[in-house]
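Structural features, examined
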Amino acid sequence: TAAPVVGQDITSNVITLLTDDGAQVPAMLMHPATGMNTHGPGVVIHHGGPGGHPARGCCAPRWAGEHLAKLGYTVVSPLSRHSSGRNAGTYRAEPFETATLDVKAAVDFLAQLGAQDIVLAGHSLGSIRITRYMIDTQDTRVKAMAHYAPTRDMPEWMRANMGHERYLDVVDKLSTLVSEGRGDEYIYEVYEASFPAPPGNESASLQTARNWLNWWGPAAQTRNTVWFEQLTVPQLLLSGDKDTFVTMPYMEELKAAAVNAPSVGLRWYEGGIGHLFQGARAEASQDTSDWLAEIGLGPRSEVTTRFVDTQTAAGRERSGVFYAPADGSGAGKPAFMVVYGYGGDIMWSSNHWLCVRLAQAGHACLAGQTGGSGPNVTRTTLESEMSDFAGWADWLDKAGYEKIVMAGHSWGGIRITRYLVTSNDPRVSGMVYLAPTRDAGERLEQGMGKEAYQAIVKEAQAIADAGDNDIVIAEFDMAPPAPPGSS
């Protein structure tokens, strides 16, 4: 395994992932012994194959995964349905596209923990699997991909192994079996691995006729050189000079194909480095973590989160979420009070992702409820919310934060302006406006038209003068720059 790295001890567990089609997929879970940093990047590493197994010490899910876990990443490596550890190797009858379901289950697991950025990695055939995942899903949660010794396009590789004529004969034979309804029959084919494998390196495949065509046939969707053009996140390619599956020209071909990736890194290890990276595992692991740091996906600071309460001067109880750097570095710095938009709440919208990132940058951050939280916004006046903000400012003051920066998202921008104008709170030392909405009345009039707007204002005023609390319903098209017809 890789040489020890500077970092933390790790905790490893076997977990079970549930796929969208109801399959249970075991997986290795590795993270620092101090716990998972649910606010940092998560990594999914897929093993090679056909067959393959994530627990083998020779392969990237172990040596790269352990290295990354020691540095603070949370790593998941599925024992996929293409592994050698499931029912005598279910990859023999599993179509290649089931890898997408297994990878998605791992990505979903990390995302549900709170991981804000996902990195996909694959060793050998795992490279084509993670690429296929991105082509199938276009998953925006994935921010980067690393390929350890990526195997060549599977149809072309098998054609080179068998020779052109024999390959076509096998394809014809298996296509006939499928057309006759015998696609589930198993076939066994022996072939000699092609260059750069040394002469006499014999291999064999045992798969159903249908599945062999799905993996290796002329129409198989198992080609990195074709798919790399569609990848739009940073890519890292790593391999060695004695790899029996990979050549430098092929690595350069993949790099050239990734024309839409923001960056493509290539690491080539010399000195007799084979497909399993013997002699270069520590270096390849370190290169991976260095590359992640370079593209902004390095380990992130721990964040503590706790639920807090305050009581306003008006006697109302409000609850909130308080985020702070785990190392205490936020003490003495201004704290942020983040205010959500129209209909927002403290546990969704901009509050969570913004407060996490502010805490990672060394600032405490508070997302506090007001009377206008969620659907209550339709029954709450701006005036009544002002004492809520004062109550939260008092809470931060008592917690030791003398200076406060208020950050309002959308409608929250109007709220924070109203608070500062009416209170002149000396503790507020700065204001941040995130996509602030325009003046509310003017925007509504522009959307409804002047006549309809004046009529509904008159209706609302009459209700208010009567002391009632009835609902007024205003239907209107959103004003530009919203697209026409947005109601």
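Up top you'll find the structure we're talking about.
All values derive from a computational prediction rather than experimental measurement.

Digging into the pattern of salt bridges
Counted according to the given criterion, the structure contains 24 salt bridges. Across the pair arginine 427 and aspartate 397 runs a salt bridge, and its minimum N-O distance is 3.4 Å. Here aspartate 397 lies in helix α11 (residues 382–398) and arginine 427 lies in the loop between α12 (411–423) and β16 (428–434), a separation of 30 residues in the sequence. Residue classification places aspartate 397 among the partly exposed residues on the basis of a relative accessible area of 34%. As a salt-bridge pair, arginine 427 and aspartate 425 come within 3.0 Å of each other at their nearest N and O atoms. Assessed through its relative accessible area of 17%, arginine 427 is described here as buried. Assessed through its relative accessible area of 7%, aspartate 425 is described here as buried. Linked by salt bridges that have partners in common, Asp20, Lys104, Asp108, Asp139 and Arg141 make up one network.

Re the packing of aromatic side chains
Applying the stated rule across the entire model yields 14 aromatic pairs. A ring pair is formed by phenylalanine 96 and tryptophan 215, whose centres lie 5.2 Å apart and whose planes are at 90°; its orientation type is edge-to-face. On the criterion of sequence distance, the pair formed by phenylalanine 96 in the loop between β4 (74–78) and α2 (98–113) and tryptophan 215 in helix α6 (residues 209–216) is long-range, its members being 119 residues apart. Between tyrosine 167 and tryptophan 212, the aromatic rings sit 6.2 Å apart at their centres with planes inclined by 45°, giving tilted as the arrangement. Separated by 45 residues along the polypeptide, tyrosine 167 in helix α5 (residues 164–179) and tryptophan 212 in helix α6 bring together distant segments of the chain. You can call tyrosine 167 buried: its relative accessible area is 0%.

Considering the layout of surface pockets
Computed from the structure, the largest pocket encloses a volume of approximately 1,400 Å³. Lining the largest pocket are 34 residues, with Tyr342, Val377, Thr378, Trp411 and Leu444 positioned closest to its centre. Those elements that provide at least two residues to the lining of the largest pocket are α11, α12, α13 (440–448) and α14 (450–465). Looking at the lining of the largest pocket, the element that brings in the most residues is α14, giving six residues. Taken together, the residues that form the lining of the largest pocket break down as 19 nonpolar, eight polar and seven charged. In this structure, the second largest pocket spans a volume of roughly 490 Å³. Breaking the lining of the second largest pocket down by element, the ones donating at least two residues are α4 (154–162) and β8 (202–208). A total of five residues in the lining of the second largest pocket trace back to one element, the largest contributor, which is β8. A per-class count over the lining of the second largest pocket returns 12 nonpolar, 13 polar and two charged.

Points about the sheet that holds strand β12 (residues 317–325)
Taken together, the six strands give an open sheet; going across it, the order is β11-β12-β14-β13-β15-β16, and neighbouring strands pair in mixed fashion. Each edge of the open sheet carries a strand with a single partner, namely β11 (303–311) and β16. Averaged over all pairs of adjacent strands, the angle between their axes in this sheet comes to 25°, without regard to strand direction. Across three bridges, strand β13 (residues 335–339) lies against strand β14 (residues 365–368) in parallel orientation. What sits directly across from methionine 337, in β14, is leucine 366.

About the criteria used
- Residues numbered from 1 in each chain as written.
- Predicted model: local features only at pLDDT ≥ 70, side-chain atom pairs only at ≥ 80, totals over all residues.
- Heavy atoms only, no water.
- Salt bridge = Lys/Arg side-chain N within 4 Å of Asp/Glu carboxyl O.
- Helix = DSSP H or I, 4+ residues; strand = E, 2+ residues; numbered from the N terminus.
- Buried < 20%, exposed > 50% of the residue type's maximum accessible area, 1.4 Å probe, protein only.
- Phe/Tyr/Trp six-rings, centres within 6.5 Å; stacked < 30°, edge-to-face > 60°.
- 1 Å grid on protein atoms, 1.4 Å probe; cavity = no way out; pocket = protein on both sides within 12 Å on 5 of 7 lines; lining within 4 Å.
- Points joined across faces, edges and corners; volume = space filled by probe spheres on them.
- Nonpolar A, V, L, I, M, F, W, Y, C, P; charged D, E, K, R; others polar.
- Pairing = 2+ DSSP bridges.
- Axes fitted to C-alpha atoms, helices over the stretch in contact; angles between N-to-C directions.

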